[in-house]
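Structure at a glance
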Amino acid sequence: MNNIRVISAKALSESAKSKIEASFRRKHSDEIEFVYETDSELIGGVLIVDGDKYYDATVRGQLAHIKREIKV
């Protein structure tokens, strides 16, 4: 079984969870389990960890990206 971690600043609504789960179930042929966590340091958005792949849609991640772009 594959675990997918979904980390957000606040608890996600059931609707948001359903959309995330539907999206990842289409990508996986094997059985998957979703583990939901909260981390207030994310400020907002969601970070999804699927094995060795990270999908970073957090405010913290976007700010880090902007900071890297400005330094270039």
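Everything numeric in this text was worked out from a predicted model, so none of it was measured. (Residues numbered from 1 in each chain as written. Predicted model: local features only at pLDDT ≥ 70, side-chain atom pairs only at ≥ 80, totals over all residues. Heavy atoms only, no water.)

1. Some thoughts on a nonpolar patch on the surface
Among the surface-exposed residues, Ile 43, Val 59, Leu 63, Ile 66 and Ile 70 lie close enough to one another that they form a single nonpolar patch of about 480 Å² accessible area. Checked against the element boundaries, Ile 43 lands in the loop between β2 (32–38) and β3 (45–50). With a relative accessible area of 57%, Ile 43 lands in the exposed category. (Patch = residues over 30% accessible without salt bridge, like charges linked within 9 Å, V, L, I, M, F, W, Y side chains within 5 Å. Areas by Shrake-Rupley, 256 points an atom, 1.4 Å probe, with all protein chains shown as cover. Salt bridge = Lys/Arg side-chain N within 4 Å of Asp/Glu carboxyl O. Helix = DSSP H or I, 4+ residues; strand = E, 2+ residues; numbered from the N terminus. Buried < 20%, exposed > 50% of the residue type's maximum accessible area, 1.4 Å probe, protein only.)

2. Section: the pairing of β2
Across seven bridges, the pairing between strand β1 (residues 2–8) and β2 is parallel. Residue pairing across strands places Asn 3 opposite Glu 33, the latter belonging to β2. Taken together, β1, helix α1 (residues 14–27) and β2 constitute a β-α-β crossover, and its handedness is right-handed. (Pairing = 2+ DSSP bridges. Right-handed = clockwise from strand over helix to strand, strands pointing away.)

3. Observations regarding α1
Taking 1.5 Å as the rise per residue, α1 with 14 residues should run 20 Å; its terminal C-alpha atoms sit 20 Å apart, in good agreement. In the core, the buried residues of α1 are packed alongside β1, β2, β3 and β4 (53–58). (Expected span 1.5 Å × (residues − 1). Contact = heavy atoms within 4.5 Å.)

4. Digging into the environment of Arg 25
With respect to the helices and strands, the residue Arg 25 is situated in helix α1. Other than its neighbours up to four places away in sequence, Arg 25 contacts Ile 32 and Phe 34.

5. Focus: the nonpolar core
With eight residues, the main nonpolar core is built from Ile 4, Val 6, Ile 20, Phe 24, Ile 32, Phe 34, Val 46 and Ile 48. Elements supplying a minimum of two residues to this core: β1, α1, β2 and β3. Not counting residues within four places of it along the chain, the set of residues in contact with Phe 24 comprises Ile 4, Ile 32, Phe 34, Ile 48, Asp 50 and Tyr 55. In terms of nonpolar packing, the next biggest core, distinct from the first, is built from five residues, Ile 7, Ala 9, Leu 42 and Leu 47 among them. (Core = buried A, V, L, I, M, F, W, Y, C linked by side-chain atoms within 4.5 Å.)

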